[in-house]
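Tertiary structure, described
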Amino acid sequence: LVTAAVFCWLARTGLSWLGYAAVAAALGVLMYGPAIPNPLLMPRRVRLAAGVVGVTAAASAVRVVTLPAGTWGSAAVGVLFLALAIIGLAWVRYDWPRETAQAEMMFPLTEGTWQVAVGGGRGFLNHHAAAAEQRGALDIIRAGENGARATTGWFPSDVRAFPAYGCTVVAPCDGTVLRAVDAYPDQIPFQPWPGPAAGNHVRIGTGTEEVLLAHLRPGSVQVASGDLVRRGQVIGQVGNSGNSTEPHLHIHAERNGTGLRLRFE
């Protein structure tokens with residue numbers, strides 16, 4: 001992105017500038033689309049730096065009126081790159097679950113600001129897509145004070161370095177607890193294991209679908225199988241149990257084995 005911005009200022013013709021600007025725009029699409037890891041998970045200083053570079057590239061447009069036109073050959077590659085970036089992003093974002101969960105749902109986390117780290121689209125963006133019942137699944141993380149997912153470094157090994165850890169999880173809907181598990185320890189961040197993927201979890205039946213909340217903190221689950229729960233009732237805390245790379249809440253709804261789109265009030 002920095003190189004593309006520099007070349008925008010060094011372009012010798014209007015069409016070569018267009019080509020460089022298109023490359024810069026394509027990289028912005030890939031970064032903020034996101035077709036690569038979500039930039040909101042990066043430290044704020046990284047996001048601000050990328051924004052400054054983008055503005056710098058855009059500011060180079062003032063030179064265009066002073067440049068000769070040039071030939072289309074110098075712009076074609078950049079424009080093609082931008083078109084492919086847009087088409088590629090649209091393709092990986094397509095195929096979101098078409099059916100929505102019928103139960104009225106509230107957001108299951110009540111503290112702080114939260115981001116969807118993984119959810120929606122095809123497997124390139126969403127590792128849940130491979131499992132039919134998880135097509136609408138969301139992995140939700142909490143943003144720290146600096147906007148990043150962790151308070152110390154990019155890949156800390158302490159679960160307490162993640163603002164999400166220990167936050168209260170509430171039932172998103174009314175229903176019956178079909179299964180409640182609180183038997184697994186937290187995993188070391190970024191060292192997921194192949195054991196029971198959901199780890200400590202609560203599965204709620206609404207009568208029309210099932211809702212799973214997974215990776216809960218050991219010792220935090222406050223409901224048992226057969227319990228009736230109401231929206232907003234505390235059921236546990238965010239943890240890092242099961243096949244989890246970092247503390248977050250996994251939630252999905254399914255009906256007859258088919259993943260459903262989640263919509264929160």
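This text goes with the structure placed above it.
Described in the following lines is the structure provided in the data block. Predicted model, so just to flag it, every value in this text is computed and none were measured. Once a new chain begins, its residue numbering starts again from 1 and follows that chain's sequence as written. Local features are withheld for residues below a pLDDT of 70 in this predicted model, meaning they are given only at 70 or higher, and side-chain atom pairs are given and counted only at 80 or more; totals for whole chains, interfaces and linings count all residues. Heavy atoms throughout the structure, all of them, feed into the side-chain values; hydrogens and water do not.

**Structural notes on the packing of helix H2 (residues 14-32) against helix H4 (residues 73-93)**
For any two helices packed against each other, one specifies the crossing angle of their axes together with the interaxial distance. How we decide: Axis geometry follows a simple rule: fit a line to the C-alpha atoms, using only the stretch in contact for helices, then measure angles between N-to-C directions, giving values from 0 to 180 degrees. The helix count covers DSSP runs of H or I at least four residues long, the strand count covers runs of E at least two residues long, and both are numbered beginning at the N terminus. Note on terminology: angles under 35 degrees are roughly parallel, angles over 145 are roughly antiparallel, angles of 65 to 115 are roughly perpendicular, and the others are oblique. Note on convention: near helix rotated counterclockwise from far helix by under a right angle means a left-handed crossing. Clockwise means right-handed. The criterion used for residue contact is that any of the two residues' heavy atoms lie within 4.5 Å.
Packing of H2 against H4 leaves a shortest axis separation of 7 Å and a crossing angle of 20 degrees. Our classification of the angle between H2 and H4 gives roughly parallel. Considering the relative orientation of H2 and H4, their crossing is left-handed. Across the interface between the two elements, Leu15, Ser16, Leu18, Gly19, Ala22, Val23, Ala25, Ala26, Leu27, Val29 and Leu30 from H2 touch Ser74, Ala75, Gly78, Val79, Phe81, Leu82, Ala85, Ile86 and Leu89 from H4.

**Details of the packing of helix H1 (residues 2-10) against H2**
For the pair H1 and H2, the least separation of the axes is 8 Å and the interaxial angle reads 160 degrees. With respect to H2, the element H1 is oriented roughly antiparallel. Where H1 crosses over H2, the two elements pack in a sense that is left-handed. Here Ala4, Phe7 and Cys8 of H1 lie close against H2, whose contacting residues are Trp17, Tyr20, Ala21, Val23 and Ala24.

**Topic: the packing of aromatic side chains**
Test applied: A pair of aromatic rings is counted whenever rings of Phe, Tyr or Trp (Trp by its six-membered ring) have centres within 6.5 Å, and the orientation is called stacked for planes under 30 degrees apart, edge-to-face for over 60 and tilted otherwise. Summary of the burial criterion: residues with accessible area below 20% of their type's maximum are buried, those above 50% are exposed, and those between are partly exposed, where the area comes from a 1.4 Å probe applied to protein chains only.
In total, this model carries four aromatic pairs according to the counting rule given. On the numbers, 6.1 Å between centres and 55 degrees between planes, the contact of Phe162 with Phe190 is tilted. Highlighted residues: Phe162 in the loop between strand E2 (138-142) and strand E3 (168-170) and Phe190 in the loop between strand E4 (175-181) and strand E5 (201-205), separated in sequence by 28 residues. Its relative accessible area of 28% is what places Phe190 among the partly exposed residues. Among the aromatic residues, ring-to-ring pairing joins Phe155, Phe162 and Phe190 into one connected group.

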